[in-house]
Amino acid sequence: MDQLSFEFESRSPAPASAPAWSASTLPPEQMARVLEQHADYKVLRRLVPKADYGPAPADLVPADARRLLVLDTETTGLSHQADKIIELAMLSVQVDARSGLPFGPVTVFEGFEDPGMPIPSIAQQVTGITDDMVRGQRLADDAVEAMVSAADLVVAHNAGFDRPFVEARFAAFRDKAWACSFMDIDWKAAGAESAKLSALAHDHGWFYDAHRAQVDCHALLQVLCEPVGDGGQNGLALLMAAAQRPSFKLRATGAPFEAKDKLKARAYRWDAEARVWYCALAGEEALAAELAWLRAEVYGARSARVELEALDGLVRYSARPGLSSVLSVG
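A. Here's a closer look at the pattern of salt bridges. The full count for this structure, using the stated rule, is 18 salt bridges. As a salt-bridge pair, D141 and R169 come within 3.1 Å of each other at their nearest N and O atoms. Placement of the pair is D141 in helix 4 (residues 141-150) and R169 in helix 5 (residues 159-169), with a sequence separation of 28 residues. Note on D141: relative accessible area 22%, which makes it partly exposed. Close ionic contact of R320 with E167 constitutes a salt bridge, the shortest N to O distance being 3.0 Å. Taken as a pair, R320 in the loop between strand 11 (304-311) and strand 12 (323-329) and E167 in helix 5 lie far apart in primary sequence, 153 residues in all. Accessibility expressed as a relative area gives 9% for E167, which makes it buried.

Below is the structure:
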């Protein structure tokens, strides 16, 4: 899946006069702090994984604690039907549902699995994982299923990719609610130039060696601990709320051919197999607004029936369908 990228024009701040310093006499961290004071420089520090987020809030009651599982996979390719997992990493951490802030120790799982096929060269280039690294390896089923069973919510930065892969390998994932930090947070509205995880980390002053599962998980967890935009809520709080909201996949069945440009401009996608335009909608208000738009701009006075697929956190981003229905439009 291609990650979205949003570019915006911005004015550079007026240059500031550089503090006087001698590189030969300053340790790296002090040099970084000096550079941070200069308007012409931005400093990135290597992201350091956190093993513990500290004690639970003193006023926390058990009903306000959630256990989140942050997950990432590396695979032999993009098709969950033909390709296989070669690396799985998970971080399990408790979160205060009121604030979205994690607390306590982080439980880490990471393992390789032999896919039973040579790893394609492009996958080796992207992940750095070779056939020798996975040969004879198998993910520990009991350990994975124990972590999954304890989770209230599974989070991935591209859940539409990761969920079908892990559900095909581990049945325990099928009964869990999921949220996607790439799709369920409006990063553009929050002022981010890109929704790629590495770019979001850069926005907070971090860099890391991407495309290895465990460090990607640590980067995602730390990014999601930070406030998103001006709303005050952090990413974890937004994802917990998103997992509770219904969403819908609407198929504009029978849409006239001449409406294709309008549909495409409104971010509908074409399903070539089903030969229908469809879109994803977050919540009932968005659904009502979309039905009104279809009546006014696509179907007009024609009587039409559209297909609707209701999705909740238990099926959203999986390969399994949601609850289907048909609605009259016009």
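B. Spatial organisation of the sheet that holds strand 10 (residues 276-282). Reading across the sheet, the five strands line up as 9-10-8-11-12 and stay open at both edges, with antiparallel pairing between neighbours. One side of each edge strand has no neighbouring strand; the edge strands of this open sheet are strand 9 (269-271) and strand 12. Direction aside, the axes of adjacent strands within the sheet are offset by 30° on average. Contacts between helix 10 (residues 284-299) and the sheet are confined to strand 8 (247-251), strand 10, strand 11 and strand 12, with strand 12 contributing the most and set at about 45° to the helix.

C. Summary view of the environment of R316. Mapped onto the elements, R316 comes out in the loop between strand 11 and strand 12. With relative accessibility at 6%, the residue R316 sits in the buried group. Taking the C-alpha atoms as reference points, R316 and T107, separated by 209 residues in sequence, lie 25 Å from one another. Of the polar contacts made by the side chain of R316, one reaches the side chain of S247; its length is 2.8 Å.

D. Layout of the side chain of S181. Tracing the backbone through its elements, the reader meets S181 in the loop between strand 6 (178-180) and helix 6 (197-203). Among the polar contacts made by the side chain of S181, one reaches the side chain of H157 at a distance of 2.7 Å. The contacts of S181, once residues within four sequence positions are left out, are A156, H157, W187, L220, L224 and L239.

E. Representation of the side chain of E113 within the structure. Relative to the helices and strands, E113 is located in the loop between strand 4 (102-112) and helix 2 (121-127). A polar side-chain atom of E113 sits 2.8 Å from the main-chain amide nitrogen of L139. Of the polar contacts made by the side chain of E113, one reaches the side chain of R169; its length is 2.7 Å. Ignoring any residue separated from it by four or fewer positions in sequence, one finds E113 in contact with I85, I86, V134, Q137, R138, L139 and R169.

The rules we used
Throughout, a residue's number is its position along its own chain's written sequence, starting from 1. For a predicted model such as this one, the threshold for reporting local features is a pLDDT of at least 70, and the threshold for listing and counting side-chain atom pairs is 80 or more; totals across whole chains, interfaces and linings nevertheless cover every residue. Side-chain numbers here rest on the full set of heavy atoms in the structure, without hydrogens or water. For salt bridges, the criterion is a side-chain nitrogen of Lys or Arg within 4 Å of an Asp or Glu carboxyl oxygen. By definition, any uninterrupted DSSP run of H or I lasting at least four residues is a helix, any uninterrupted run of E lasting at least two residues is a strand, and each is numbered from the N terminus. Buried, partly exposed and exposed residues are distinguished by accessible area as a fraction of the type maximum, computed with a 1.4 Å probe on protein chains only: under 20%, between the cut-offs, and over 50%, respectively. Strand pairing requires that DSSP identify at least two bridges connecting the strands. Note on definitions: angles span 0 to 180 degrees between N-to-C directions of axes, and those axes are lines fitted to C-alpha atoms, for helices only across the stretch in contact. Residues are treated as being in contact if the distance between any of their heavy atoms lies within 4.5 Å. Pairs of N or O atoms are called polar contacts if they sit within 3.5 Å, as long as, within protein, a hydrogen donor faces a hydrogen acceptor (for residues adjacent in sequence, only side-chain-to-side-chain pairs).

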